[in-house]
Amino acid sequence: MNPIHPIHRLACILAGLTAGLLALVTASPAAFARPGPPSVTPTALATPRPLPPGWNKHPPLPAHVHALATSGMPGWQIALIAAGATALAAAVALLTRARAARRRAAASPA
C-alpha cells in the first residue's frame, strides 16, 4: 500500500473542514446581524408625526408584484426544462450504447 494515500486522504478531509469553517465564519456575521434598538424617547411617542406631502390627497399606489413571487415558475419554463432534460438523457443513452457496441466490435476476433 502506498504510504502517501492515507496522508492525501487526511489532507483532503482537513482542507474540506477548513473550507467549511471558513464559509461558516464568513457568513455568520451577516446571518446574525440585527439592527440596533430604536432610539425612541417618551416625548417622541407623544408627539404625532406629520404625514408626507400628498399622503392625504390620494391613496398610495399598490405595490408591483412579480409573477415569480405569486405563482412560482411559469409553465413554459417547466416544459422547457423537462424537454432539455429528456434530450440530454437521450443523448447520453445513445452515446453509451454506441460506446458499448464499439467495445464489443473491437473485442471480437475477426
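This text follows the structure it describes.
Keep in mind the model is a prediction, meaning the values are calculated, not measured.

Caption draft 1: Fine view of the overall build of the chain. Looking only at helices and strands, the chain has 4 helices and 0 strands in total. In the chain, the succession of helices and strands from N to C terminus is α-α-α-α. The buried share of the chain, taken over its 110 residues, is 0%. Accessible area of the chain: about 10,600 Å², with a carbon and sulfur share of 72%.

Caption draft 2: Structural detail: helix α1 (residues 4-31). Taking 1.5 Å of rise per residue, the 28 residues of α1 would be expected to cover 40 Å, and the 40 Å separating its terminal C-alpha atoms lies within 8% of that figure. A small share of α1 lies buried, amounting to 0 of its 28 residues.

Caption draft 3: Focus on a nonpolar patch on the surface. There is a patch of nonpolar side chains on the surface, built from L21, L24 and V25 and spanning about 300 Å² of accessible area. Here L24 shows up in helix α1.

Conventions and cut-offs
Residues numbered from 1 in each chain as written. Predicted model: local features only at pLDDT ≥ 70, side-chain atom pairs only at ≥ 80, totals over all residues. Heavy atoms only, no water. Helix = DSSP H or I, 4+ residues; strand = E, 2+ residues; numbered from the N terminus. Buried < 20%, exposed > 50% of the residue type's maximum accessible area, 1.4 Å probe, protein only. Areas by Shrake-Rupley, 256 points an atom, 1.4 Å probe, with all protein chains shown as cover. Expected span 1.5 Å × (residues − 1). Patch = residues over 30% accessible without salt bridge, like charges linked within 9 Å, V, L, I, M, F, W, Y side chains within 5 Å. Salt bridge = Lys/Arg side-chain N within 4 Å of Asp/Glu carboxyl O.

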